[in-house]
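Architecture and fold: a report
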Amino acid sequence: MSPTSQQIEDLFHGALDHVTLADGTRFTRENLLVYIDAFRIRTGEDGTPLARQWQVLARRLREPHGAPDPAELHALRAAADAIKQAEAERDAIIRQIHHRWPVESLAHQAHVTTKRIYQIAADTGQQDDPS
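Below is a short write-up of the structure. (Residues numbered from 1 in each chain as written. Predicted model: local features only at pLDDT ≥ 70, side-chain atom pairs only at ≥ 80, totals over all residues. Heavy atoms only, no water.)

Thoughts on the pattern of salt bridges
- If you walk through the whole model with that rule in mind, you get three salt bridges.
- Between Asp37 and Arg40 there is a salt bridge, and its shortest N-O distance comes to 3.9 Å.
- When its relative accessible area of 34% is taken as the criterion, Asp37 is described as partly exposed.
- In this structure, the salt-bridge partner of Asp91 is Arg90, at a minimum N-O distance of 2.7 Å.
- Taking relative accessible area as the criterion, Arg90 reaches 23% and is therefore assigned partly exposed.
- When salt bridges with common partners are traced through the structure, they connect Arg90, Asp91 and Arg116 into a single cluster. (Salt bridge = Lys/Arg side-chain N within 4 Å of Asp/Glu carboxyl O. Buried < 20%, exposed > 50% of the residue type's maximum accessible area, 1.4 Å probe, protein only.)

Written out as structure tokens, the structure reads:
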């Protein structure tokens, strides 16, 4: 049996302790939270998926191999975090040296556009880049 959007929502809110996917896999709330984070499901400020996202989640979980192993999700999330950290470090270096080097050279070396160099240089580094 494939989970419905209502069952996914109930799982998120704790009304269910698991749902069973079509392949027989028990999918828990913890799995769901990792899945939401790893696949960047759109959420409100409190972390609750937006209204239409329950349908998106249910549709994805109904697909063959729709729910990767939780360990794979954790590895994906760890890789995304490492990339984000590396980009933050790159951006900090660009902010320190952008005024001493040609923007085109920095962009080439950093594998970004000149526009992105200007954005990084203008950013104070205090907040995440929304793009």
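What about helix 6 (residues 114–122)?
- Restricting attention to buried positions, one finds in helix 6 the residues Arg116, Ile117 and Ile120. Each buried residue of helix 6 lies within a common arc of 105° when the element is viewed along its axis, so the set occupies one face. Facing away from the buried side of helix 6, by more than 90 degrees, are the exposed residues Lys115, Tyr118 and Ala122. (Helix = DSSP H or I, 4+ residues; strand = E, 2+ residues; numbered from the N terminus. Arc of directions from axis to C-beta.)

A closer look at the side chain of Gln53
- With respect to the element layout, Gln53 can be found in helix 3 (residues 53–62).
- A polar contact is formed between the side chain of Gln53 and the backbone nitrogen of Arg42, at a distance of 3.5 Å. (Polar contact = N/O pair within 3.5 Å; in protein donor to acceptor, adjacent residues only side chain to side chain.)

Considerations on the packing of aromatic side chains
- Tallying each qualifying case throughout the model produces two aromatic pairs.
- For the pair Phe27 and Tyr35, a centre-to-centre distance of 6.0 Å together with 85° between the ring planes defines the contact as edge-to-face. The burial state of Phe27 is the same as that of Tyr35; both residues are buried.
- Stacked on the ring of Phe12, the Lys or Arg Arg29 has its end atom at 5.1 Å from the ring centre. (Phe/Tyr/Trp six-rings, centres within 6.5 Å; stacked < 30°, edge-to-face > 60°. Lys NZ or Arg CZ within 6 Å of the ring centre and 35° of its normal.)

Re unusual backbone geometry
- Positioned with a positive phi, His111 is a non-glycine residue whose angle comes to about 60°.
- Structurally, the position occupied by His111 is in the loop between helix 5 (103–110) and helix 6.

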